[in-house]
Amino acid sequence: ERPGGARPGEIHRISDVDLASRLSFFLWGSPPDQQLIDLADRKRLSSPGEVERQARRMLADPRADSLVDAFATQWLNLRNLELANPDPDLFPFDDQLRSDMQQETEMFFASVMRENRPVTDFLDGRFTFLNERLARHYGIDDVRGEQFQRVSLEGLPRAGILTQASILTITSDPTRTSPVKRGKWIMENILGTPPPDPPADVPEIETTQKSLPAASFREQLELHRTKPICASCHQHMDPLGFGFENFDAIGRWRQMDGEFPIDSSGTLPGGQKFDGPIELIEILRGREKDFVRSFTEKMLVFALGRGLRYYDQCAVEDIIKVLPSREYRFSAIVEQIVLS
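Residues numbered from 1 in each chain as written. Predicted model: local features only at pLDDT ≥ 70, side-chain atom pairs only at ≥ 80, totals over all residues. Heavy atoms only, no water.

**Considering the layout of surface pockets**
Alright, step 1. In this structure, the largest pocket spans a volume of roughly 1,300 Å³.
Alright, step 2. Elements represented by at least two residues in the lining of the largest pocket include exactly α1 (16-27), α14 (288-304), α15 (313-322) and α16 (330-339).
Alright, step 3. Looking at the lining of the largest pocket element by element, the count peaks at six residues for α1. (1 Å grid on protein atoms, 1.4 Å probe; cavity = no way out; pocket = protein on both sides within 12 Å on 5 of 7 lines; lining within 4 Å. Points joined across faces, edges and corners; volume = space filled by probe spheres on them. Helix = DSSP H or I, 4+ residues; strand = E, 2+ residues; numbered from the N terminus.)

Structure below.
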């Protein structure tokens, strides 16, 4: 869809009508409403300040729940929860619990969006949404009934999305946790630094398990990553994953893994040490610029409907420069994307 006279591949400014469609499919997942159409017809939508006003209006509209249904599930890989199949002999899991896990994460995302909170709350927000069934799963008392309610996590070893059962379940194997999957998920979705694919000839961890059946899973994995071909990636992924080993394969808190006590301490490649999930989350919170950049890039991909190219990095840099002055608020990222 090019304006008259524009050649294929030529850079051109999109029309107000195109802009109305881009805005609406980005924020509402639907065609433009009458107000956007009227502004576009009068060529006022692209006037200074109007795009920003429309973005704020659209975020406040219930139709912005499309961002929860589409962007949040894409960013967090929540669609994988439908495929999760924990071993029923080891972990009590059914479709109702699966649904509760998904609803918690979606309501948490919607709360950050609706309350226009800093997106860093996705890392360390000390609240969540639970019903009685999911609260029991977490070992949290005083939550009654089927309805989800906002619950404070102050004083508990949970914060943000990283300790929610949905994320912990999709980053586990059917019979056990997977520090490698959890670490890889954090690198890809939180820090924006995905590790390279492993070489084809790397032996599976099961080979190490057979050779050291009396060792803890952590000891087996640490031996696995002593191989030079494995170490370059695992030294980044594994400490991040081990920080969440206190959560089992369906997100319940635990102190033991069978006969072995849980060790959720670690040292990151930069030398930062932590003991347990909250200390690790605090370290990740300290890398807020990496997280905000990653979150912005993923939302920009969603808004554009395509992967980012090298020339998009100029737009990303311009967006990132503005955000600290806006406290990394959710709306600030959306507004800067639509202005880019």
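**Here we look at helix α3 (residues 50-60)**
Because an α-helix packs 3.6 residues into every turn, residues spaced three or four apart end up facing the same way.
Alright, step 1. Restricting attention to buried positions, one finds in α3 the residues E50, V51, Q54, A55, M58 and L59. Axial view of α3: buried residues confined to an arc of 165°, hence all on one face.
Alright, step 2. In this structure, the buried side of α3 is in contact with α1, α2 (34-41), α4 (66-75), α5 (95-114) and α16. (Buried < 20%, exposed > 50% of the residue type's maximum accessible area, 1.4 Å probe, protein only. Arc of directions from axis to C-beta. Contact = heavy atoms within 4.5 Å.)

**A look at unusual backbone geometry**
Alright, step 1. Positive phi outside glycine occurs at K43, with the angle close to 60°.
Alright, step 2. Here K43 shows up in the loop between α2 and α3.
Alright, step 3. When its relative accessible area of 65% is taken as the criterion, K43 is described as exposed.
Alright, step 4. Despite not being glycine, E327 shows a phi value in the positive range, around 60°.
Alright, step 5. Since its relative accessible area comes to 47%, E327 is described here as partly exposed.

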